[in-house]
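# Structural overview
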Amino acid sequence: MFLRPLSRAVTRPASILMVVAWIAVMAVLIHRSYIQAAPVSLATDLARYGSGAEWRGVYYRGEKIGFTVSQTVPRDDGFELQEDGRLQMSLLGATTAATIHTTARVDATFALRAFEFSLDPGTGAVAVTGQVNGRRLSLSVTTPSGTRTEERDLPEPPMLSQNLSRRLASGGLVSGARYDWTVFDPATLRNAPVVVRVGRREFVPGTATPIPAARVEMEFAGLRTTSWVTDTGQVLREESPMGLITVRESAESAQAMAVSRRVQVDLLQAAAIVPVANRRIDEPRDVRRLRLDLTGVDLSPFELDGVGQTLSGTIVEIRDPQSLQAERADPDARNYLAAEPFIESDAPEILAEAEMAVRGATTVRDRAEKLTRYVNALLDKKPTVSLPSAREVLRTRVGDCNEHTVLFVAMARAIGLPSRIAVGLVYIHGAFYYHAWPEVYLDEGSSRGLWLPVDPTLNQFPADGTHLRFTRGGLEKQALILPLIGTLKIRLVDLELAPNATPILVGREPVDLGPLAIPIPGRAASCCVCGADAAGAADRPFGLTPVRGR
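Residues numbered from 1 in each chain as written. Predicted model: local features only at pLDDT ≥ 70, side-chain atom pairs only at ≥ 80, totals over all residues. Heavy atoms only, no water.

### What about the overall build of the protein?
Selection criterion: In this description a helix means any DSSP run of H or I spanning at least four residues, a strand means any run of E spanning at least two, and both kinds are numbered starting from the N terminus. The rule is simple: take the accessible area with a 1.4 Å probe, protein chains only, and divide by the maximum for that residue type; under 20% is buried, over 50% is exposed, in between is partly exposed. It only takes one pair of heavy atoms within 4.5 Å for two residues to be counted as in contact.
In terms of helices and strands, the protein carries 10 helices and 30 strands. Looking at the protein residue by residue over its 550 residues, the buried ones come to 55%. Sequence-distant contacts, at least 24 apart, represent 62% of the contacts inside the protein between residues at least 6 apart.

Quick look at the structure:
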């Protein structure tokens, strides 16, 4: 009974919480300034900021959702850059918050020497510390479950995004100048190129008193942000994709915040891509073949071919993973058995849990299915702003699609099933939402095998035929999805359903029965749409209004 799949009526509406929340989590990875919360520890961190600290309010489409604070402290051998702040967002009635803290030590030229970075979603902090010696980087990743260390050789000396404006100012803000640098992102543990262009001087928009500053355009991971930087390196205003803006404010104004209902609704709308179609997908599990025309973005950086997907021009065809057959064995499959900083497949507790999950399974397919069902049943479904670590997910047993996926991948690797993270879109209630899920390799012997998409978040084995993969990999690869937001357009070209499916034509709307009343089994913490009044939530139904296609 424990591993029996939940019914469609339960899994579909409940899992929309995770796929909608995922868009906010991905924004965190790039806009490292736009998160923070955990009142007690945050208040302690803020006590170190003096009168010269720079406070900024964070706004989403004109409404306050958080703040950041930073300062530069002179040291004997250079400077120490300090940053803290807060972002609080309500997603489907659940308040999602996290605390972030960054300290970077740089030399007199603002070259990076060491850093400390931590992110706490309220379940325990994930901390990353690094020491830089030339191009050699010594890393430690610490969670409440333990610490992992590793050494890396980087192609060039790294810098953090926190010291970009100071480095610009130290060299002079020359109009027309272009800089090609490499930024180390502690959230993804990777170097990434950044292109910075200095524009003309102009008055900062949105300020009561005219203040001149240099307009600076920065392109990072396909995203373009605009900042106004003073000659001393102060960022007075920054505008980013998805309507996020940071503005220099007083300490009192920056910390005053509230998240309105309009912002909550707007975030849901921003997360969805409604396809142009003359047919509607009523039940994604009935899809046998799907052809989509993808426009508005450059498709060349993405992994749209393979594992049931084929790309021809701008047309992607997705075949139902149930139809996938074993082919010649993938010689690279064993590369996806190794542990990684946030995929701790070599941890004893991960192995023990995985062996318990697949107990009694006799084939690789049975083991993969049991593991999918087990992870789905194990985690409480809650939007989470975090750096998902498999050990931490196993400890807290809370999360959205990222947590489900990273735990599955770690547990699969622990028991010898090659597995990797896929990132893209999934269709739910008339729209495509950003999502993450695993691909697991099934070795069927005789030098034959196949990669199979599965979805522990949605309790699907295999995943349904509306999973549109754009890329594979950890957080640094997942960030490639961000430039798609607000620009990707989808047109449904062709749709083939199961023989017993009944398609619904657009325009023939079903009778509106109002919010769905679904009793969700599990602990009280599993209800993530009940708002502050969560006590006893698992013992009563909750309301969820479906997102309708337009």
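Moving on, there is more to tell.
### Quick word on helix 9 (residues 401-414)
This is how it is decided: Residue count minus one, scaled by 1.5 Å, sets the expected span of a helix.
When the terminal C-alpha atoms of helix 9 are compared, their 20 Å separation across 14 residues agrees well with the 20 Å that a helix rising 1.5 Å per residue should span. Along helix 9, 14 of the 14 residues are buried, which leaves the element largely enclosed by surrounding structure. Phi for Gly416, located one or two positions after helix 9, is positive at around 85°.

### Remarks on the sheet that holds strand 19 (residues 315-319)
Rule in force here: Pairing between strands is defined by DSSP: at least two bridges between them are needed. Whenever a helix is involved, its axis is fitted only over the stretch in contact; in every case the axis is a line through C-alpha atoms, and angles between N-to-C directions fall within 0 to 180 degrees.
Strand order across the open sheet formed by four strands is 18-19-17-27, with antiparallel pairing between neighbours. This sheet does not close on itself; its edge strands, each paired only once, are strand 18 (309-312) and strand 27 (489-497). The mean angle between the axes of side-by-side strands here comes to 20°, regardless of whether they run parallel or antiparallel. In terms of strand pairing, strand 18 meets strand 19 through four bridges, oriented antiparallel. Its bridge partner lying in strand 19, Gln309 is registered against Ile318.

### Considering the pattern of salt bridges
For the record, the criterion: Between Lys or Arg on one side and Asp or Glu on the other, a salt bridge is scored when a side-chain nitrogen of the former is within 4 Å of a carboxyl oxygen of the latter.
Per the stated rule, a full pass over the model turns up 34 salt bridges. In this structure, Arg152 and Glu150 form a salt bridge, with 2.7 Å as the shortest nitrogen-oxygen distance. Residue class for Glu150 comes out partly exposed when judged on its relative accessible area of 27%. Between Arg291 and Glu317 there is a salt bridge, with the nearest N and O atoms lying 3.5 Å from each other. Linking Arg291 in strand 17 (residues 287-295) with Glu317 in strand 19, this pair joins segments that are 26 residues apart in sequence.

### What about the confidence of the model for the protein?
Condition: Note: pLDDT gives the predictor's confidence per residue, expressed from 0 to 100.
Per-residue pLDDT for the protein averages 77, and the proportion of residues at 70 or more is 74%. Counting contacts from residues 1-41, a segment whose pLDDT is below 50, to residues more than four positions away or on other chains yields 142 contacts.

### Section: the nonpolar core
Worth spelling out the cut-off: Working definition of a nonpolar core: buried Ala, Val, Leu, Ile, Met, Phe, Trp, Tyr and Cys residues. They are joined through side-chain atoms within 4.5 Å.
With 64 residues, the main nonpolar core has Leu294 and Phe470 as its most contacted residues. The element that contributes the greatest number of residues to this core is helix 9, accounting for eight residues. If near-sequence neighbours (up to four positions away) are discounted, Leu294 is found in contact with Leu299, Leu304, Thr314, Val316, Leu468, Phe470, Leu488, Lys489 and Ile490. Among the nonpolar cores identified, the runner-up in size contains 19 residues, and Val106, Val128, Leu139 and Phe184 belong to it.

### Let's talk about unusual backbone geometry
Keep in mind that most residues, glycine aside, have a negative phi and that most peptide bonds are trans. Here the bond from Phe461 into Pro462 is cis, since omega is -10°, no more than 30 degrees from zero. Turning to its location among the elements, Pro462 is positioned in the loop between strand 25 (448-453) and strand 26 (468-472). Residue Ser446 is not a glycine yet carries a positive backbone phi of 55°. Residue position: Ser446 is located in the loop between strand 24 (431-445) and strand 25. We classify Ser446 as exposed; its relative accessible area is 71%. At Asn459, a residue that is not glycine, the phi angle is positive and equals roughly 60°. By secondary structure assignment, the location of Asn459 is in the loop between strand 25 and strand 26. Relative accessible area serves as the criterion here: at 3%, Asn459 is assigned to the buried category.

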